[in-house]
Structure formats: C-alpha cells, structure tokens
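A look at the structure
Each chain, letter by letter, is given below.
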Amino acid sequence: MTDDRLIVALDVPNVIAGLDLVARLGDAVGFYKIGLGMLTGGGLALASELKHEHGKRVFLDMKLFDIGATVEAGVRGLVQYDLDFLTVHGDPQVVRAAAEGRAGSGTKILAVTILTSLDRADLDANLIRAGDIAGIVVERAARALAAGADGVIASPHEAALIRALPEAQRKLIVTPGVRPAGSAPGDQKRIATPAEALLAGADHIVVGRPIWGDNDPRGAALAIRKSLPPLA
Ligand code: C5P
C-alpha cells in the first residue's frame, strides 16, 4: 500500500521527465505535486494522466492570487481536472473566492501562509509587518481556515502551533521544507525531517529535490517512508 503522507514535488521540466520519474518511483509514491515550473511543459495534461491512468493523487500547486472574481473563475476551471489539492495564497478574500470556485467538486483548497524559503530579512524586504515568522504564519493560517480553506501549507516549524488552533480541527496541514537528516537544504530555510514534520501535526509532507535529485529516487522515497512514524 502506498503511504500518501509523502507527496513528491514533480519539479521537473516537462511531462516526459515527469512520467519518467513517476515510472521510476512506481508504487513507492502515490501522491504527486505539480507546480508552476511544469505548467508550460504540459502540467495539466500530466495531472489528468497521473490521476486517471496511473491511479495517483494529484496536488496542483498554483498559489493563485488575484481579485476574487478571477480566482473563483480560475479555480472553477482547474477543478475540472479532478485535482485532490489546489493551492491559493492565504489572504481571506482569495480563499473565500477559491472556496466558491471549487463548490461541488472534490478538490481541497490549501492556503499558503508564508513561503518556507523566506526568513525575517526577506519579510522585511517585502514590507511584511514586524513580528516573528511563526506568529504571522499562525495568524494567516487561522484567518485562511476561518475563510473556508480545507487546510494550509506551512513549514514544519509552525505545524504544531497551527494544529493547536481551534480553526484547524479536521483541517489539513501540508508541510514542504522537509529534509531527510543529512541532505542539502537548498533554498529552504525553515526545515525539519519528515518524521519531525508529521509528529508536529502535519498530515502530508512535500519532498522534491531530496527525491528527484537523487541518483536512486525510488530508494530515496522508500528511505523517507521508512523514517515516518507508524500510520495511525
Ligand atoms: O525541493 P523541495 O523539497 O524544496 O521542494 C519543495 C516544494 O514545495 C517546491 O515545489 C516548492 O515550490 C513547494 N513549496 C514550498 N514552500 C511553500 C509552498 C510550496 O517549498 N510554502
């Protein structure tokens, strides 16, 4: 049985490379994230193929942000691809519009709080108000969940604080910024191991480079799965 707590980020250039990686990973992985880098390389077609021909679950990471009417229309179009998860930025007006757009579909809307690649110096450069990142992330998460998000994206460092929110009852927490012990952080700044992320309250972890950048992606995925706490 695949353990869908592990979501692999298919951050490869096109559908051919994506399908090649999916074939190499085989039954080690049942859930994939398709992001912006793949969009012009056939990402939506790949989402359908993974879902309907390979029986995989699909997370489309679009991080949508626009006026409400545009977000609603965009989401309404995207849910026709039968996606499992779709991301939007966690601003309440964006989340509300996305929740309208996905009405009647099985797609879960996940809200991005603050990108896990950002630290306080980056937030200062972006004119985001003073205060520690964890506090801002938790407040954004609470507001997004109250506005109708099915879950949030957050770093493992904030997962426990979000899990403790009353707004987070029965909601999903998905954490990128996850690195197996000893692997390179890349541009991720607020990292934890896969097991730490789940123990902190995450439902799913998203892992990219430590799997697709490995010479043996299947071995890397299986090693991560083995490191996870037992399924509840
Ligand atoms: O290669 P790596 O494991 O860092 O990949 C993490 C994935 O999660 C990337 O596709 C990145 O876009 C995504 N992501 C993130 N931080 C967020 C939301 C999404 O790193 N807050």
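Described below are features of the structure shown in this document. (Residues numbered from 1 in each chain as written. Predicted model: local features only at pLDDT ≥ 70, side-chain atom pairs only at ≥ 80, totals over all residues. Heavy atoms only, no water.)

1. A look at the pattern of salt bridges
Tallying each qualifying case throughout the model produces 14 salt bridges. Taking the shortest distance from any N to any O, the salt bridge between R102 and D150 comes out at 2.4 Å. Taken together, the positions of R102 in the loop between α5 (92–101) and β5 (108–112) and D150 in the loop between α7 (133–146) and β6 (151–153) put the pair 48 residues apart, joining distant regions of the chain. When sorted by exposure, R102 lands in the same class as D150, which is buried. With a shortest N-O distance of 3.0 Å, E139 and R129 are connected by a salt bridge. With a gap of ten residues between them, E139 in helix α7 and R129 in the loop between α6 (120–125) and α7 connect regions that are remote in the sequence. The class for E139 is partly exposed, based on a relative accessible area of 34%. (Salt bridge = Lys/Arg side-chain N within 4 Å of Asp/Glu carboxyl O. Helix = DSSP H or I, 4+ residues; strand = E, 2+ residues; numbered from the N terminus. Buried < 20%, exposed > 50% of the residue type's maximum accessible area, 1.4 Å probe, protein only.)

2. Section: the site of the ligand
Inspection of the region around the ligand gives 16 residues, with D11, K33, R179, Q188 and R209 positioned closest. At 2.7 Å, a side-chain N or O of K33 approaches an oxygen atom of the ligand. Against a free-state accessible area of 460 Å², the protein chains account for coverage of 87% of the ligand. Breaking the shell around the ligand down by element, the ones donating at least two residues are β3 (57–64), β8 (204–207) and α10 (209–212). Among the residues forming the shell around the ligand, the class breakdown is seven nonpolar, three polar and six charged. (Near = heavy atom within 4 Å. Polar contact = N/O pair within 3.5 Å; in protein donor to acceptor, adjacent residues only side chain to side chain. Areas by Shrake-Rupley, 256 points an atom, 1.4 Å probe, with all protein chains shown as cover. Nonpolar A, V, L, I, M, F, W, Y, C, P; charged D, E, K, R; others polar.)

3. Regarding the pairing of β3
Of all eight residues in β3, six are buried, a share of seventy percent or more. Looking at chain direction, strand β2 (residues 31–35) and β3 are connected through five bridges and run parallel. Bridging from a neighbouring strand, I34 pairs with L60 of β3. In this sheet, strand β4 (residues 85–89) lies alongside β3 in parallel orientation, the contact comprising three bridges. (Pairing = 2+ DSSP bridges.)

4. Concerning unusual backbone geometry
Here L127, not a glycine, exhibits a phi torsion of approximately 60°, which is positive. A positive phi angle is found at R170, which is not glycine, with a value near 60°. When you line up the elements, R170 lands in the loop between α8 (156–163) and β7 (172–175).

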